[in-house]
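Here is what each chain is made of, one letter per residue.
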Amino acid sequence: QERRVLMEFKDISFELIPAHTDGLANLIDRFQVDSLRETQEKYQSEPHLRCHVSQSRRNGWIDVWPGWVCVRLLTLHPGHGMDQDVAIARVQQLKNTIKQLAEQRMPVLTFSGVLRPGKEVSCPVWKIESRSSDVLEEIRQVVRRVACNLGFIVQNNHEQDSIGHMTLRGRGKNS
């Protein structure tokens, strides 16, 4: 039996997800996966990541599940006086810009191998930061400009537009 659930449009995030083979696999090789059973199962269930999870080294750093490891580009909130129907219609207008950006050559970001402390929603996290990237800066500026013109409120980043970060630890149950 189907049931409809009304959801409120609160925000929309734009993220870059690392490629599994050359991205997330490299992170696993470097930092390994936390020993929490649920986290191990998530990584073991991904065939292209399974071989990178060490069975002998069970004290890894990564507790963020594979689908949640990303570089957050921007978060948009409905503008003042913008109801949900208007916000959804404007997201559709933004879709063309996003599609054009997505059809470009995949950006390659270089990350430092050093875990840095940070905060997300007032909770401590560990993250890695990218080196400066003109492509990352351009993507953020284009989306920000179009979103502002459509009336969205763009949440400021915690870093410069040319820098991205990926949270690797701090979102899990055992953090």
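Residues numbered from 1 in each chain as written. Predicted model: local features only at pLDDT ≥ 70, side-chain atom pairs only at ≥ 80, totals over all residues. Heavy atoms only, no water.

Topic: the packing of helix H4 (residues 84-102) against helix H5 (residues 134-149)
Pairs of packed helices are described in terms of their axes, by the angle between the two and the distance that separates them. Contact pair H4 / H5: the axes reach a minimum separation of 10 Å and the direction vectors enclose 170°. Relative to H5, H4 is oriented roughly antiparallel. Every residue of H5 that contacts H4 at Leu-94, Thr-97, Ile-98 and Leu-101 is listed here: Ile-139, Val-142, Val-143, Val-146 and Ala-147. The residue inventory of the contact of H4 with H5, partitioned by class, reads 8 nonpolar, 1 polar and no charged. (Axes fitted to C-alpha atoms, helices over the stretch in contact; angles between N-to-C directions. Helix = DSSP H or I, 4+ residues; strand = E, 2+ residues; numbered from the N terminus. Parallel < 35°, antiparallel > 145°, perpendicular 65-115°, else oblique. Contact = heavy atoms within 4.5 Å. Nonpolar A, V, L, I, M, F, W, Y, C, P; charged D, E, K, R; others polar.)

So, the nonpolar core
Counting 36 residues, the largest nonpolar core has Leu-27, Ile-28, Tyr-43, Val-69, Phe-152 and Leu-168 as its most contacted members. Those elements that provide at least two residues to this core are helix H1 (20-31), strand S2 (71-77), H4, H5 and strand S6 (165-169). Filtering out sequence-adjacent residues up to four positions away, Leu-27 remains in contact with Gln-32, Ile-62, Val-69, Ile-128, Met-166 and Leu-168. (Core = buried A, V, L, I, M, F, W, Y, C linked by side-chain atoms within 4.5 Å. Buried < 20%, exposed > 50% of the residue type's maximum accessible area, 1.4 Å probe, protein only.)

A few points about the packing of aromatic side chains
When we look at a pair of aromatic rings, we describe it by the centre distance and by the angle of the planes. With the rule as written, the count across this model stands at 1 aromatic pair. Ring geometry for Trp-61 and Trp-126: centres 5.4 Å apart, planes at 65°, overall edge-to-face. One end of the pair, Trp-61, is in the loop between helix H3 (47-50) and S2; the other, Trp-126, is in strand S4 (residues 123-129), and 65 residues separate them in sequence. (Phe/Tyr/Trp six-rings, centres within 6.5 Å; stacked < 30°, edge-to-face > 60°.)

A look at the environment of Arg-90
Inspection of the secondary structure assignment puts Arg-90 in helix H4. By relative accessible area, which is 30% here, Arg-90 ends up partly exposed. For the pair Arg-90 and Pro-78, spaced 12 residues apart in sequence, the C-alpha separation works out to 9.5 Å. Dropping the residues within four chain positions of it, Arg-90 is found in contact with Met-82, Leu-150, Gly-151 and Phe-152.

Some words on the side chain of Lys-127
Counting through the fold element by element, Lys-127 comes out in strand S4. Despite its burial, Lys-127 remains without a salt bridge, the nearest opposite charge being carried by Glu-129 at 4.2 Å. In contact with Lys-127, not counting residues within four places along its chain, are Val-114, Leu-115, Arg-116, Pro-117, Gly-118, His-165, Met-166, Thr-167 and Leu-168. (Lys, Arg positive; Asp, Glu negative; His and termini not counted. Salt bridge = Lys/Arg side-chain N within 4 Å of Asp/Glu carboxyl O.)

Observations regarding the environment of Gln-32
Relative to the helices and strands, Gln-32 is located in the loop between H1 and helix H2 (37-44). Taking relative accessible area as the criterion, Gln-32 reaches 4% and is therefore assigned buried. Between the alpha carbons of Gln-32 and Glu-138 there is a distance of 32 Å; along the sequence they are 106 residues apart. A polar contact is formed between the side chain of Gln-32 and the backbone oxygen of His-52, at a distance of 2.9 Å. (Polar contact = N/O pair within 3.5 Å; in protein donor to acceptor, adjacent residues only side chain to side chain.)

Quick notes on the state of the cysteines
What the rule picks out here adds up to 0 disulfides. Here Cys-70 is not disulfide-linked; the sulfur of Cys-123 is the nearest cysteine sulfur, at 17 Å. A residue is classified by how much of its surface remains accessible, and Cys-70, at 7% relative accessible area, is buried. The partly exposed category is assigned to Cys-123, whose relative accessible area is 39%. (Disulfide = S-S within 2.5 Å.)

Keep in mind that these numbers describe shape and distance, not what the molecule does.
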